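Each chain, written out:
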Amino acid sequence: ESGRGGGAAAAFLLSFFMVALLSCCSALSHPSALPLPSFHYDRSSPAVRWPALPHLDEQEKEELSHADGQDAASTTLQPRDPAAIIPSPVSLNPYIAAKGQRRRVAGANLPPAGLWHENDAMLARRKKLSKLALRRAKDWRERAERLAGAICRLEPSQSIGDLLNGWKEQLAPADMCYVVKTVGTARWQRALELYEWLNLRRWYSPNSRMLATILGVLGRANQVSVAEEIFGRAEPNVGNCVQVYNAIMSVYARQGDCNRVQHLFGLMSSRGCDPDLFTYNIVINARSKLGLPAGMAKNLLQQIIAAGLTPDVVTYNTLISACASASNCSEAAELFRDMNCRNCEPDIWTYNALISVFGRSGEVESAKELFQTMQKKGFVPDAVTFNSILYAFARYGNVDDADKVRNQMNIAGCKADEITYNTLISMYGKLGLRDKALCLYREMKSDGCHPDTVTFTLLIDALGKAGLVAEAEHIFSEMGDAEVRPSVQAFSAMICSYSKAGMLVEAEKTYDCMLRTGIRPDYLAYSVMVEVFLKANLPKKAMSVYQNMVELGLRLELDTYESLLRMLVREKMEDELAKLSLDLQESNFDHAGVSDIFLKAGMHDKAAEFLIQVAADGHIPSYQASTDVLSGFSALGRYSDARLFVKSLSSFSRQAGSLIHQTLIRLLAEAKQYDAAKEELNEFKGNGQVPKMETYRALLVAFKQAEMLDEVVQLLSDMKCSGVQLDVECCRVAATTYCEQGLLGSARDLLSSMKISKLPKDFLEVYVALIEAYGKQQDWENAECIFKELQKLGCNTSMRVWNALISTYAVCGRYDDAKLALYEMVNAGCPPTTDTCNMILEALINTGHLNDIHALLVELRQLGACPSKCIFLFALNVSTKKGNAQEAKVVYQEMKYAGYLPNMQVYKNLILLLSKAGFVRDCELILQEMEFDNFVPDLDIYNAMLKLYSKVGHYDKAVGVFQRMEAVGCSPDSDTFNSLIWLYSRHLKIQEALALLRQMGKAGCSPNIKSYTALISACRRLRLVEAAEILFKDMIETGSQPNLSVFHAMMKVYNSVGKHEQAKELLNCMKASGIEPTVGTFHALMDTYGKGGEPGGAEAVFEHLQENGIIPGVLQFTGLINAYLKNREYDLAIQKLFKMKTEGFEPNYTTWTCFVSAASLCEKRSQAMKLLLALCDAGFSLPWRLLMEKNDRLFIELKDVLVDLETFGQDAGVGLMNVLMDLLWGFQCRATAARIFETAIQENVYQRNLARVQANDWGADFRRLSAGGALVALTLWLHQMQDAALKGIPESSKSVSIVTGGSQNAHRVSVNRTIKAHLWSMGSPFLPSKTRAGVLLSKGHSLRMWLKDSPHCMNLELRDFPVLPETNSMQVHNGGWICVELIPALQQIEERLGEVRPKKFSRLIHMSDIKRMDSITADIQGRQEMLKKGKTTLKKARRVGFKMGR
């Protein structure tokens, strides 16, 4: 068999046959390797002993003969004698023939050489003893064991007779019984030969003890037939003994043949042989194997006591064990108490049996307690004890307790056996712990414990249920490799695994394999195979398996019968269908279940026929089954067959026919077969029978639903004439019918006649119908009366009643009453509905108060009403016109909650309104809902979303919207392009913006002023002056008139590069265009002169500002002062400061920042002091005092300054803190700078996570800091990381980053260059990122090692110099703020080598000038040599290539 399906079964068979084949081949090639067969005694075969007995046929003789020829050790589990280990080959010439005559072979009468040589001399000297002496001899056991050992050592070809004839020692008859028993433990055939030889030679007179002994030997060897024959031919004076009866009864008890045991027990009593306690124990043991019902154990105990015997521990143990098999916990406990009361001490077997009882009964705690009690009393648990308590825990899935017991078992030195492993594997398999089960299986094999059939079956079942078919196949194949023959349970488990996995072919192959191996399938295998063939649509094979089941007396489940019937019906297999239907009818299933199966299989006729046959047999068919048949016919529309079935059933059973006839009437009415229902009703009444209320009720409801009001009235009249009292449901139908026919008086009379004190269930609609009927007649007064009557009944008036009353008021035009009813309705806890709102609106319209519609809608919304969609649309229209986005959003949400779907116009109005209000998330959600409802956005919606994203700066989302527009073919307009250009410019995507500008021109659209302004601003930020000028000229050429914002943008462009002349020309152009410059214009122009290094030009602009009548302010004075400070004209800057104060302008934080920033860049202390003292004279002395004084009150004052600066924005405090730290760092007051940094962190000027040392998160972001502030923060951060590296916590991440950014301040100082120079001079492992500009990266491990080992990190503490230095320690060099001491070396490195790697920079920067020069020279020479070598190699390569080419 090939394929996956034959994997497990075929593998097992193949391995089984291959092992046999290899064994045969090995035996043929090596004769000495042939196994020695065991001894065979001919007369042990029943076919030889009694060939002519009539009660045995040939087949039984063959089976018995085959069974007798097997070794006893292979059929029973019993301890083996050491002599049994010796192999004994099969005798080819048996000594004892079929008739008991001797057949000697040559030399058979001679003992083997050396067999008795040890005892020959001793035996020869012994004298013959008398019988009395034999009895009194104390060495009888040794003499008996010597004889038994000699018999066991006989070769298969040797005879016991030869041995006994030459045996010199005497033995008493009792001693010979011991010999027979000892020999029987090893070879029952030899024991039988010895027994018969003794009887044949008549050495001893027959005695009951010898007979009982041989019967015991045969019973233990499961040789029932031989034992029965020997007992039957025993002499009466010998066989009629209690020991003999006990022996033969033990033989039957071992086989569980309770009937024969009971027969012998009665025969024993009839022959006058009184049973003893051992007899009763045997009887109890036989009965327990069949299972004792409740109370039987106690009755058996009472019989023993009544016989005058005292039960012993064996009796109690047997009874308790019987209770264990039946899981009878209470009776076992009672037996144990009785045992203690009779002073019968329990032994280890007692406790084992009790633990087993409690474990099987689910009393796990009791079993556990008994296990502990047993140990306290000194009993040592054995393997049975541990397995019993283990089973108790494993059965209920107590894994922890089971593992503890397993450990105790190992500690006690009790080795786990197959039962132990199987119990644990079963537990793990049931709990789904398949890995543990497999691990235990492997442990079992490694411990030398061989897995048995149960082990493999449990594993296959667990893996199959988990869907692991491949693993189950592997276990099944290992079963064959272990030469363990699969049981029927193993095959069934494998078949179930395949079936569950849908591997039907494999399941069938396994089933065939099971049949070929001669194993008869069980019920599970048969059932699963039937289901497999059903799934595979193989009805013939399914029926074949079913026939095999029937032959064995097995039946399928009803569900399987149903599936099988369905298939046969579908395949139209009439013969098989008839056979299966007949089997099902003749089964012992309930007729209701059989009928239900026929119905589910679609065999309605067969179900009806079956029930009719049941009635014909005198039984009353189940009412439910008959009803199901009728329902089936009704569902198929076979109403005539249903009526015929009822008539046939009524002919056999009038009682059943009456009930089913009324059911037919109800079904016809429900199926809308009104004419047929009326005919059946008339026929039923014509037979003199009165229909029940249920029948009338079904007809009334059916006719009412069909609007057959006349028939309803006729039925009501018939019910009144027949004296049938109307129930509540019939009254409801009658009252509603009267209301619909306009007979309101009859309806009210009917309600009055009911005299109800409490409103019945589902009767409210009657009052509602009555109120609505009065409303149609515009009789609101009677409607109010009905409403009040309903309230008197104590009914909580529902919404339908209120709506009916309000509808009546609306029809009558009574708006005030309707509104009052609405409020009463709300107060009563009944929320108004859509119909309520519409009715109120109808009442309002009928009254003519149309101006109050808006107020009514507001009131309805406040009352929690749910208006209709038109009301919501009206409210949305009003909100949109008012521009109230929040209210429109609320109305939209309520509209969705009410279940109304918006249309395209609603979506569009909402998006336009919400986009103007800046509700990004709301617009996105509405757009998603719109697209989900299959609405396609138009150009207005796309433009609104683009403007929204442009406003909030969502670049990626705006680009996505534009791409979506192009994908759907929506052509952009001017608004689209302008929004995108403005967004691209804002994100410095100048190339994309210019491309859109060109695309815009091709599309015939013109950019607006806002787009040009954004483009020019982007060019300023990118220092693209020429591009900005081209855009400005293009704007003028296209006819767009620049406004003030465009001129300011162009002026900022010139300002960024210091082109003051162009800025001044732009001012003239501005005036020529008719646009008057503002203060901002002049300030921008002044800033241009200042950055260009021409403070005189800034002064001229300042004076021109005054000439134009514009009064300059603090900002303009500060701009002029900053121009002088940047040009290092400190005296003039101080003069302008005092002039500003003279003119009444107080310097603010911008002025302070300019002076402190200039002081931090001064090379000498005197220059810095001059600027700071001037600032002191202007009223701000804090920077000077921070530099000169060391007082804690200064930081309190600093906090107050920061609080005051919060009114100017967060940037005001950031700028001031940055320049203060620059000043203090440059003049060696670095501890004070650190305190300023900590104060800024506390006051939230900087983010608290600016420099982080957290678990798996080390990083820093210095983009908002100046160069000095970054150095302060870096040093503090390095100190924290050093502590963490030394302590080991918190752990660093794999990589540590420093974000410095790439921007420069007003003095062209870059934080990135400053930090790199500082870190590389310290030899740090930080390197520039290859993917992100302005980011430095380091591996976490390298950083920790550097912080712990580098000499530059030995002292990271910031200190203040005791004396202020004369010169600044820092200087601006090549865009970085570098230590003055490093600048010469840095210049030398840059001039000679250019940009170098960080490691080389760290090595060169700290060398002396001479060593540095030598190293640089050597490096340059090395480069030149490498260059020359590279050129030479290139020339050689070219030559080789040229030769190869030739």
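Rules of the game
- Residues numbered from 1 in each chain as written.
- Predicted model: local features only at pLDDT ≥ 70, side-chain atom pairs only at ≥ 80, totals over all residues.
- Heavy atoms only, no water.
- Helix = DSSP H or I, 4+ residues; strand = E, 2+ residues; numbered from the N terminus.
- Buried < 20%, exposed > 50% of the residue type's maximum accessible area, 1.4 Å probe, protein only.
- Contact = heavy atoms within 4.5 Å.
- Areas by Shrake-Rupley, 256 points an atom, 1.4 Å probe, with all protein chains shown as cover.
- Pairing = 2+ DSSP bridges.
- Axes fitted to C-alpha atoms, helices over the stretch in contact; angles between N-to-C directions.
- Parallel < 35°, antiparallel > 145°, perpendicular 65-115°, else oblique.
- Nonpolar A, V, L, I, M, F, W, Y, C, P; charged D, E, K, R; others polar.
- Right-handed = clockwise from strand over helix to strand, strands pointing away.
- Salt bridge = Lys/Arg side-chain N within 4 Å of Asp/Glu carboxyl O.
- Phe/Tyr/Trp six-rings, centres within 6.5 Å; stacked < 30°, edge-to-face > 60°.
- Expected span 1.5 Å × (residues − 1).
- Disulfide = S-S within 2.5 Å.
- pLDDT = per-residue confidence, 0-100.
- Left-handed = near helix turned anticlockwise from the far one by under 90°.
- Arc of directions from axis to C-beta.

J.: Sorry if this is basic, but what is going on with the overall build of the protein chain here?
T.: If you tally the helices and strands in the protein chain, you get 76 helices and seven strands. For the protein chain, the proportion of its 1446 residues judged to be buried stands at 48%. Taking contacts inside the protein chain between residues at least 6 apart in sequence as the whole, the part at least 24 apart equals 65%. Counting only carbon and sulfur atoms, one obtains 52% of the accessible surface of the protein chain, whose full area is about 72,000 Å².

J.: Before we go on, may I ask you to explain the sheet that holds strand β5 (residues 1335–1339) in this structure?
T.: Strands pair in a sheet through their backbones, by hydrogen bonds, and they do so in one of two ways: parallel or antiparallel. Strand order in the open sheet made by the five strands is β1-β2-β3-β5-β4, with mixed pairing throughout. Of all the strands in the sheet, the pair left with one neighbour each is β1 (1251–1254) and β4 (1327–1328). Bridge count for strand β3 (residues 1295–1299) against β5 is five bridges, and the pairing is antiparallel. Across the sheet, the residue bridging to V1299 is V1335, located in β5.

J.: Is there a simple way to explain the packing of helix α70 (residues 1230–1242) against helix α71 (residues 1267–1287) in this structure?
T.: The packing of two helices is summarised by the inter-axis angle and the distance between the axes. Orientation of α70 relative to α71, taken along the N-to-C sense of each, is 90°, at an axis distance of 10 Å. Regarding the angle of α70 to α71, the classification is roughly perpendicular. Between α70 and α71, the residues in contact are A1233, A1234 and F1237 and V1272, A1273 and L1276, respectively. When grouped by side-chain class, the residues that make up the contact of α70 with α71 number six nonpolar, no polar and no charged.

J.: In this structure, what is going on with the pairing of strand β6 (residues 1370–1373)? I would like to understand it.
T.: Within a regular beta strand, the side chains point alternately toward one face of the sheet and then the other, so they alternate between its two faces. In this sheet, strand β7 (residues 1376–1379) lies alongside β6 in antiparallel orientation, the contact comprising four bridges. Counted as the bridge partner of Q1371 is I1378 from β7.

J.: Sorry if this is basic, but what is going on with the pairing of β3 here?
T.: Pairing analysis gives three bridges linking strand β2 (residues 1257–1261) to β3, with the strands arranged parallel. Among the inter-strand pairings, G1259 is bridged to a residue of β3, identified as S1297. With α71 bridging β2 and the parallel β3, this β-α-β connection has right-handed handedness.

J.: Please explain unusual backbone geometry as it appears in this structure.
T.: Trans peptide bonds make up the majority, and among non-glycine residues the majority have a negative phi. The residue after I1289, namely P1290, is reached through a cis peptide bond having omega -10°. Within the secondary structure, P1290 sits in the loop between α71 and β3. A positive phi is found at R1128, a non-glycine position, where the angle reads about 60°. Counting through the fold element by element, R1128 comes out in the loop between α63 (1114–1126) and α64 (1130–1142).

J.: How should the pattern of salt bridges be read in this particular structure?
T.: Any two side chains of opposite charge can pair, so long as their charged atoms come close to each other. According to the stated counting rule, one finds 20 salt bridges in the structure shown. K1170 is the salt-bridge partner of D1131, the closest N and O atoms lying 3.3 Å from each other. Placement of D1131 in helix α64 and of K1170 in helix α66 (residues 1165–1177) is noted, with a sequence separation of 39 residues between them. For D1131, a relative accessible area of 45% corresponds to the partly exposed category. When its relative accessible area of 40% is taken as the criterion, K1170 is described as partly exposed. Three or more residues are tied together by salt bridges with common partners; here these are K908, D938 and D940.

J.: How do you make sense of the packing of aromatic side chains when you look at a structure like this?
T.: Summed over all chains, the structure comprises 11 aromatic pairs. Seen in terms of ring centroids, F265 and Y280 are 5.5 Å apart; in terms of plane orientation they differ by 65°. Their pairing is edge-to-face. In this pair, F265 sits in helix α14 (residues 258–270) while Y280 sits in helix α15 (residues 277–290), placing the two residues 15 residues apart along the sequence. Y280 carries the same exposure label as F265, and that label is buried.

J.: Help me understand helix α40 (residues 709–722), please; the structure alone is not making it clear to me.
T.: Owing to its 3.6 residues per turn, the α-helix aligns residues three or four sequence positions apart on the same side. Here α40 is 14 residues long and its end C-alpha atoms lie 20 Å apart, about the 20 Å a rise of 1.5 Å per residue gives. All of the buried residues in α40 are L709, V712, L715, L716, D718 and M719. Turning to α40, the residues buried within the fold contact α38 (674–686), α39 (693–705) and α41 (728–740). Following α40 by one or two positions, G723 has its phi on the positive side, about 75°.

J.: Hey, could you run me through the state of the cysteines in this one?
T.: Two cysteines whose sulfur atoms are joined by a covalent bond form what is called a disulfide. Counted according to the given criterion, the structure contains zero disulfides. Not engaged in a disulfide, the cysteine C241 finds its nearest cysteine sulfur in C273; these two sulfurs lie 6.2 Å apart. With a relative accessible area of 17%, C241 lands in the buried category.

J.: Can you help me understand the confidence of the model for the protein chain in this one?
T.: Any residue range with low pLDDT should be treated as having predicted coordinates unsuitable for detailed reading. Looking at the protein chain as a whole, the pLDDT averages 74, with 81% of positions reaching at least 70. Highest mean pLDDT in the protein chain belongs to β3 (91); lowest belongs to helix α1 (residues 7–29) (35). Every residue in residues 1–127 scores below 50 in pLDDT, and together they form 175 contacts with partners more than four places removed in sequence or on other chains. For residues 1438–1446, every residue scores under 50 in pLDDT, and the model assigns this stretch zero contacts once sequence neighbours within four places are set aside.

J.: When you look at the packing of helix α6 (residues 140–152) against helix α8 (residues 173–186) in this model, what are you seeing that I'm missing?
T.: Remark: α6 packs on α8, axes separated minimally by 9 Å, with the N-to-C direction vectors making an angle of 40°. What the angle tells us is that α6 and α8 run oblique. Note on packing geometry: the crossing formed by α6 with α8 is right-handed. Residues W140, R141, R143, A144, E145, L147, A148, I151 and C152 of α6 form the contact with α8, whose participating residues are D175, M176, Y178, V179, T182, V183 and A186. Class assignment of the residues belonging to the contact of α6 with α8 gives a composition of 11 nonpolar, one polar and four charged.

J.: Just to check I follow, could you spell out the side chain of N281 for this structure?
T.: Structurally, the position occupied by N281 is in helix α15. Judged by its relative accessible area of 7%, N281 falls in the buried class. Setting aside its immediate chain neighbours within four residues, N281 contacts D312, V314, T315 and T318.

J.: So what exactly am I meant to see when it comes to the environment of G1340 here?
T.: Of note, G1340 is situated in helix α73 (residues 1340–1349). The class of G1340 is buried, set by a relative accessible area of 1%. A sequence separation of 43 residues divides G1340 from S1297, and the C-alpha atoms of the two residues are 9.5 Å apart. Excluding anything up to four places from it in sequence, G1340 contacts S1292, S1293, K1294, S1295 and V1296.

J.: What should I look at first to understand α14 in this one?
T.: The end-to-end C-alpha distance of α14, which contains 13 residues, comes to 18 Å, matching closely the 18 Å that a straight helix rising 1.5 Å per residue would cover. Considered for burial, the residues of α14 that qualify are C258, V261, L264, F265 and M268. The arc that holds the buried residues of α14, viewed along the axis, is 125°, so those residues lie on one side. With respect to the buried face of α14, the exposed residues turned more than 90 degrees away are N259, H263 and S270. Of the residues flanking the end of α14, it is G272, one or two places downstream, whose phi is positive at about 80°.

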